[in-house]
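Structure at a glance
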Amino acid sequence: MMRTRPLKVALLGCGVVGSEVARIMTTHADDLAARIGAPVELAGVAVRRPSKVREGIDPALITTDATALVKRGDIDVVIEVIGGIEPARALITTAFEHGASVVSANKALLAEDGAALHAAAEEHGRDLYYEAAVAGAIPLVRPLRESLAGDKVNRVLGIVNGTTNFILDKMDTSGAGYSEALDEATALGYAEADPTADVEGFDAAAKAAILAGIAFHTRVRIGDVHREGLTEVTAADIASAKRMGCTVKLLAICERAADGKSVTARVHPAMIPLTHPLASVREAYNAVFIEAEAAGQLMFYGPGAGGAPTASAVLGDLVAVCRNLVAETTGPGESAYTQLPVSSMGEVVTRYHISLDVADKPGVLAQVATIFAEHGVSIDTVRQQSRQDGGGEASLVVVTHRAPDAALSGTVEALRKLDTVRGVASIMRVEGE
């Protein structure tokens, strides 16, 4: 039976995503009502610029007082798409206190203070859903939180930022340098005027914190995530990866330690083999590869950003939350029962691809090999080539076997001190094998 009283929804933010949410709620109102079992009514829209024309939205719904909107008492669900830490945190907490459930796309806030928000939701018997906070339209949070709840997830490896994937893809396919690829991404609207959050890995790190927390049932904050951006990736790195049968991607990697007693979360550029499913992810698309004990290997792929894709994830959460309201129940909350410690980057076991500029004379390779041996790092392959321009220098590329990142980092620092090493041209981790 259809419930006659409409569920009232407050929308905080009406930008690219918020306007799409409002449009879909209006144009698909009958379908949404049928799926939920009750009509859904947009009861208010909080914005910063009320004078802006917003097509399809009743001007009477527009307000600049977001706090008053979430305090109304008759609001059933608050959709927060304004982003940032404040006032979003205060508004979400206030929404819970006044009886509303919350759907959010705010990755930064969830990665910073997700535990407190979950606690507030539980205290007031409300839902907190946030599928849109990670990888746009790709269903990922709910499969991890619900479908794989009975399994043991060991690793999450993903491309979770479309801007950086577009840049690296263009560098790979066209031979362009970083600056050229970034300029193209900006011109096409894939990169913001200030791309720092994307290219320095902050966006991906927030998503990695959320994914690690859900996957490993422990609390991981953005400060726990090791982060490196892609601004230092060069055309030479891309070419070297190709010679190894690899490509370069900015990866978010969340892993459970082999002994199961700790977890790690990191974001950095890495070479991955062309045979890995993530290697074929092109342009601004996202993909996440999950390794679970019983389910095996799973991959989720799709558009990771944009108004319509992100709105799709928001509306999916809205339907789920509204169904819970009709059934007078709540969905799954935070699952952090393991409380595993988050290990430092130095404890991560990985591989390095190291490119050195060395003196072109006998004995250099032996000196380099000795440094690796002293730090307990085994060498997999070595490639040495004299420079065509002469000058008594050669290029030496070393790919290691797996070792603790601290040992690999220590090896590189020791190499820098050798008189025969003129410079460390590049360092990149090798993943996905």
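All of the points below concern the structure found in this document. Given the structure is predicted, the values throughout are model-derived calculations rather than measurements.

**With respect to the overall build of the protein**
Across its full length, the protein carries 14 helices and 17 strands. Computed over its C-alpha atoms, the radius of gyration of the protein comes to 24 Å, within 12% of the 22 Å expected for a compact globule of 433 residues. Judged by the C-alpha coordinates and their principal axes, the protein covers about 85 × 45 × 35 Å. Counting every position in the protein, which comprises 433 residues, the buried fraction comes to 53%. A sequence separation of at least 24 residues applies to 73% of the contacts in the protein between residues at least 6 apart. When the accessible area of the protein is evaluated, it comes to approximately 18500 Å², of which 50% is carbon and sulfur surface. Counting 40 positive and 54 negative side-chain charges, the protein places the centres of these two groups 1 Å from one another.

**Considerations on the side chain of Arg-256**
Relative to the helices and strands, Arg-256 resides in strand 9 (residues 246-256). Buried and without a salt bridge, Arg-256 has Glu-293 as its closest oppositely charged side chain, separated by 7.2 Å. A polar contact is formed between the side chain of Arg-256 and the backbone oxygen of Val-153, at a distance of 3.0 Å. Apart from residues no more than four positions distant in its own chain, Arg-256 is found in contact with Lys-152, Val-153, Asn-154, Ala-215, Phe-216, Ser-262, Val-263 and Leu-340.

**Observations regarding the packing of aromatic side chains**
Applying the stated criterion across every chain yields a total of 2 aromatic pairs. When the ring of Phe-166 is compared with that of Tyr-190, the centres are 4.7 Å apart and the planes differ by 40 degrees; the resulting orientation is tilted. Here Tyr-190 lies in the loop between helix 8 (178-187) and helix 9 (196-199) and Phe-166 lies in helix 7 (residues 162-174), a separation of 24 residues in the sequence. Judged by relative accessible area, which is 35%, Tyr-190 ranks as partly exposed. Here the basic side chain of Arg-227 rests over the ring of Phe-202, its NZ or CZ set 3.8 Å away from the ring centre.

**A word on the sheet that holds strand 5 (residues 101-104)**
Strand order across the open sheet formed by 6 strands is 3-2-1-4-5-6, with parallel pairing between neighbours. Whereas interior strands pair on both sides, the edge strands pair on one side only; in this sheet they are strand 3 (62-63) and strand 6 (128-129).

Thresholds, definitions, all that
Residues numbered from 1 in each chain as written. Predicted model: local features only at pLDDT ≥ 70, side-chain atom pairs only at ≥ 80, totals over all residues. Heavy atoms only, no water. Helix = DSSP H or I, 4+ residues; strand = E, 2+ residues; numbered from the N terminus. Rg over C-alpha atoms; globule rule 2.2 N^0.38 Å. Buried < 20%, exposed > 50% of the residue type's maximum accessible area, 1.4 Å probe, protein only. Contact = heavy atoms within 4.5 Å. Areas by Shrake-Rupley, 256 points an atom, 1.4 Å probe, with all protein chains shown as cover. Lys, Arg positive; Asp, Glu negative; His and termini not counted. Charge placed at Lys NZ, Arg CZ, Asp CG, Glu CD. Salt bridge = Lys/Arg side-chain N within 4 Å of Asp/Glu carboxyl O. Polar contact = N/O pair within 3.5 Å; in protein donor to acceptor, adjacent residues only side chain to side chain. Phe/Tyr/Trp six-rings, centres within 6.5 Å; stacked < 30°, edge-to-face > 60°. Lys NZ or Arg CZ within 6 Å of the ring centre and 35° of its normal. Pairing = 2+ DSSP bridges.

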